[in-house]
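Summary of the model geometry
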Amino acid sequence: MRDRITGSKALMRALQAEGVKTIFGYPGGSIMPVYDALFDYTRGEKKCFDHILVRHEQGATHAAEGYARVSGEVGVALVTSGPGVTNTLTGIADAMLDSTPIVVIAGQVPITALGTDAFQEVDLVGVSQPISKWSYQIRRAEDVAWAVSRAFYIARTGRPGPVVLDFAKNAQVEEIDWEPKKVDFIRSYVPYPKPDADAVRRAADLINNAKRPLALVGQGVELGNAHEELKAFLEKADIPAGRTMLGLSALPSDHPLNVGMLGMHGNYAVNLKEQECDVLIAIGMRFSDRVTGNLKTYAKQAKVIHLDIDRSEIDKNVKTDVAVVADCKESLPAITALLSEGSHSEWRESFKPLDELERTKVIEPAIHPDHGPLLMGEVVNAVASQADDDAILVTDVGQNQLFATRYFKYRHKRSICTSGGLGTMGYGMPAAIGAVIGGGWKAGGSKGRQVCCFMGDGGFQMCIEELGTIMEQKTPVKMILMNNHYLGNVRQWQDMFWMRRKSFTKMMNPCYELIAQGYGISYVAVTDRADLAAAVNKMLTTDGPFILECAIKEEDDVLPMTPPGMNVNDMMLEI
């Protein structure tokens, strides 16, 4: 007997075959047949998916990103055509720059209406191709199983990224004989290149002969699940390691070889030491401009080894002496096997005076002030000191992001969700929803990992509608709103580089307490540091979602800072 089903039901079966558990979505006209099919798969005996109704399609993509970053699985967003899918483009671009595996499935007008300017028609493949790993239009129901399997294979393999499926309405309603498909090979696509043995040997030789080696650890270690391989590599050769913002939880904060965060607002010692090391080992990172500063002067004294799964990153920004193109889970052990037991105690000791200088001039005043208004650093420190050991940090973008990433503690892998490459304001709240679910929380079931989401007043208002999703799902997101009535990061740059001309960065804000009441979310405001620890404790011990609003000093500046376009060793400890 033939198993004859619609293209929409074929999509349900194909998603089930890929192990999808959660879908973040928003229905509409051109995706309605799929939502009708989804009805049976979210309840009763057939239930295999949880559908999270977001309040904006951009929120669906960021929630899918947060889910993917924490769970290690592919995040899924389901939306309608036209404005529904154009609202996802920011999230797709964000996922592309940050190598986050998501699949966005969008409705489309029937193929007979394509090119007619039909209601809510948009050339999704055309607009999404430059910002996605693969974009494809499903025109026939018989192609559903193949397209979905291929989409997930591309999204999750190699250097992960976003994939877009444009699902024509006629293909959603056509009937076919169901036949499952499994794509695990694509000609000319080599997701896991094998490390070249000669390159591995040359890399090991450089490291064995190094006097001042320095590792730069990126998110590639997290994506490759190479945490233990990284530690074995660093410990055998005694190599200090800095971490990019997206790679912060690739190595625990308290690991003795961790020397801090790289980049424009990273730690002082590791940034200066990039200009003194003799061998620089980049592991799963892309030499972002926010890490390198002025490329003309960056690490010119060093031999550069670059380990990356993506060949296009090699020599793109920084010229390498040895490149090992492979998954770091494979390349790191291959190099480690050829390393001598190293000892670089004198080199590592040379970081300490610089660390102490930063601690005295920047860190202590930021996290332990004794007077004046609340500071962002002390709020982050107060939360970090009480949060669970495996707590997940989610941030929005701006000063809240920079303070939070600097002063949070990372003890567990996959513990940070933040928008790195695109710097997307409005990312934080929906990403935190996805992180909660990706971290194992289930309504009425598993508690999951604790999620602390730091936001400024600007970013909070860019995604404020997702409070409705949090209200409906009761997702226990702990939201820390650091309110300084400014677009703080832009204000800081205006003060530093634009003669203190604060052009449209001052914000008039609503009453967040009333907003919290409207959504039925627990809320506390803190204006006095004497009340901070107790308020944080209340937030972390209260069941369900919580908003902690902190009244922050209006002109609180993030330091250290390397001014844009300057050399990394021009980092400033004070303004």
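Residues numbered from 1 in each chain as written. Predicted model: local features only at pLDDT ≥ 70, side-chain atom pairs only at ≥ 80, totals over all residues. Heavy atoms only, no water.

Looking now at the overall build of the chain. Secondary structure summary: the chain contains 24 helices and 20 strands in total. Scaling as 2.2 N^0.38, a compact globule of 575 residues should have a C-alpha radius of gyration of about 25 Å, and the chain matches this with 24 Å. Over its C-alpha atoms, taken along the principal directions, the chain stretches across nearly 75 × 60 × 45 Å. The 575 residues of the chain split such that 59% are buried. In the chain, the proportion of contacts linking residues at least 24 apart, taken out of those at least 6 apart, comes to 77%. Accessible surface computed for the chain: about 22,900 Å², of which carbon and sulfur atoms make up 52%. For the chain, the separation between the mean place of its 60 positive charges and that of its 71 negative charges on side chains is 3 Å. (Helix = DSSP H or I, 4+ residues; strand = E, 2+ residues; numbered from the N terminus. Rg over C-alpha atoms; globule rule 2.2 N^0.38 Å. Buried < 20%, exposed > 50% of the residue type's maximum accessible area, 1.4 Å probe, protein only. Contact = heavy atoms within 4.5 Å. Areas by Shrake-Rupley, 256 points an atom, 1.4 Å probe, with all protein chains shown as cover. Lys, Arg positive; Asp, Glu negative; His and termini not counted. Charge placed at Lys NZ, Arg CZ, Asp CG, Glu CD.)

Glancing now at the sheet that holds strand β12 (residues 279-283). Overall, parallel pairing links the six strands, which are arranged β11-β10-β9-β12-β13-β14 in an open sheet. Strand pairing shows two members of the sheet lacking a second neighbour, β11 (258-261) and β14 (322-325), which therefore form its edges. Averaged over all adjacent pairs, the angle separating strand axes in this sheet is 15°, with direction ignored. As paired strands, strand β13 (residues 303-308) and β14 are joined by four bridges and run parallel to one another. What sits directly across from Ile305, in β14, is Val322. In the packing of helix α11 (residues 227-237) onto the sheet, contacts are made with β9 (213-217), β10 (241-243) and β12, and the angle to β12 comes to roughly 170°. (Pairing = 2+ DSSP bridges. Axes fitted to C-alpha atoms, helices over the stretch in contact; angles between N-to-C directions.)

Given 3.6 residues per helical turn, the α-helix brings residues three or four places apart onto the same face. Most of helix α17 (residues 376-386) sits inside the fold, with nine of its eleven residues counted as buried. By the burial criterion, the buried members of α17 are Met376, Gly377, Glu378, Val379, Val380, Asn381, Ala382, Val383 and Ala384. Each element contacted by the buried residues of α17 is listed here: α16 (352-367), α18 (399-407), β17 (451-456), β18 (477-483), α24 (532-541) and β20 (546-551).

Glancing now at the packing of aromatic side chains. Centre distance and the angle of the planes are the two values used to describe a pair of aromatic rings. Under the definition given, this model contains 13 aromatic pairs. Measuring from centroid to centroid gives 6.1 Å for Trp134 and Trp146, while their planes differ by 90°, and the two rings are edge-to-face. Separated by twelve residues along the polypeptide, Trp134 in strand β6 (residues 134-138) and Trp146 in helix α7 (residues 144-156) bring together distant segments of the chain. When its relative accessible area of 29% is taken as the criterion, Trp146 is described as partly exposed. On the basis of an interplanar angle of 75° and a centroid distance of 5.1 Å, the ring pair of Trp347 and Phe351 is categorised as edge-to-face. A relative accessible area of 6% places Trp347 in the buried class. One aromatic cluster in this structure is built from Trp134, Tyr136 and Trp146. (Phe/Tyr/Trp six-rings, centres within 6.5 Å; stacked < 30°, edge-to-face > 60°.)

Looking at where Thr424 falls in the secondary structure, it is placed in the loop between β16 (416-417) and α19 (428-438). Discounting residues that sit within four places of it in the chain, Thr424 has contacts with Gln58, His62, Thr90, Asp94, Asp396, Val397 and Ser419.

Spatially, the six strands line up as an open sheet ordered β3-β2-β4-β5-β7-β6, and their pairing is parallel. The open sheet has two free edges, formed respectively by β3 (50-53) and β6, since each of these has just one partner strand. In this sheet, adjacent strand axes meet at a mean angle of 20° when their direction is disregarded. Here strand β2 (residues 22-25) runs beside β3; their pairing, made up of four bridges, is parallel. If you follow Phe24 over to β3, its bridge partner there is Ile52. Against the sheet, α7 engages β4 (75-79), β5 (102-108), β6 and β7 (163-168), with an angle of about 170° to β6.

Here the focus is the nonpolar core. Among soluble globular proteins, nonpolar side chains are generally buried collectively. Within the largest apolar cluster, 69 residues are counted, with the highest numbers of intra-cluster contacts made by Leu280, Phe408 and Phe454. Among the elements that line this core, the one with the most residues is α17, at six residues. Discounting chain neighbours no more than four positions away, the residues touching Phe454 are Val379, Val380, Val383, Leu393, Val394, Thr395, Asp396, Asn400, Ala404, Phe408, Ile480 and Met482. One finds Ala77, Val104, Met455 and Tyr512 within the second-largest nonpolar core, a separate group that totals 46 residues. (Core = buried A, V, L, I, M, F, W, Y, C linked by side-chain atoms within 4.5 Å.)

What follows is about the side chain of Thr88. By the secondary structure assignment, Thr88 is in the loop between α4 (83-86) and α5 (89-97). Taking relative accessible area as the criterion, Thr88 reaches 0% and is therefore assigned buried. Within the local environment of Thr88, its side chain forms a polar contact with the backbone oxygen of Val85, the two atoms lying 2.6 Å apart. Once you skip the residues sitting within four places of it in the chain, Thr88 turns out to touch Glu57, Thr61, Val79 and Val104. (Polar contact = N/O pair within 3.5 Å; in protein donor to acceptor, adjacent residues only side chain to side chain.)

Quick look at unusual backbone geometry now. Generally, phi is negative for residues other than glycine and the peptide bonds are trans, each holding for most cases. Between Leu559 and Pro560 the backbone carries a cis peptide bond, its omega angle lying at -5°. Inspection of the secondary structure puts Pro560 in the segment after β20. Positive phi, normally seen in glycine, also occurs at Ser99, with a value near 55°. In this structure, Ser99 sits in the loop between α5 and β5. Positive phi outside glycine occurs at Ser188, with the angle close to 80°. Mapped onto the secondary structure, Ser188 falls in the loop between β8 (175-177) and α9 (197-208).

Most of β17 is tucked away, with six of its six residues classed as buried. Neither face of β17 is left uncovered, since the one carrying Val451, Cys453 and Met455 and the one carrying Cys452, Phe454 and Gly456 both have all their residues buried. Bridge count between strand β15 (residues 392-395) and β17: four bridges; the pairing is parallel. For Val394, the partnering residue across the bridge sits in β17 and is Cys453. Relative to β18, β17 runs parallel, the two sharing six bridges. Residue pairing for β18: Phe454 is matched across the bridge by Ile480.

All right, on to the packing of helix α1 (residues 7-17) against helix α2 (residues 32-41) then. At a minimum axis distance of 8 Å, the contact between α1 and α2 shows a crossing angle of 50°. Classified by the interaxial angle, the pair formed by α1 and α2 is oblique. For the pair α1 and α2, the crossing hand works out as right-handed. Counting all contacts with α1, which are made through Ser8, Lys9, Leu11, Met12, Arg13 and Gln16, the residues of α2 involved are Pro33, Val34, Ala37, Leu38 and Tyr41. Here the contact of α1 with α2 is built from residues that sort into seven nonpolar, two polar and two charged. (Parallel < 35°, antiparallel > 145°, perpendicular 65-115°, else oblique. Left-handed = near helix turned anticlockwise from the far one by under 90°. Nonpolar A, V, L, I, M, F, W, Y, C, P; charged D, E, K, R; others polar.)

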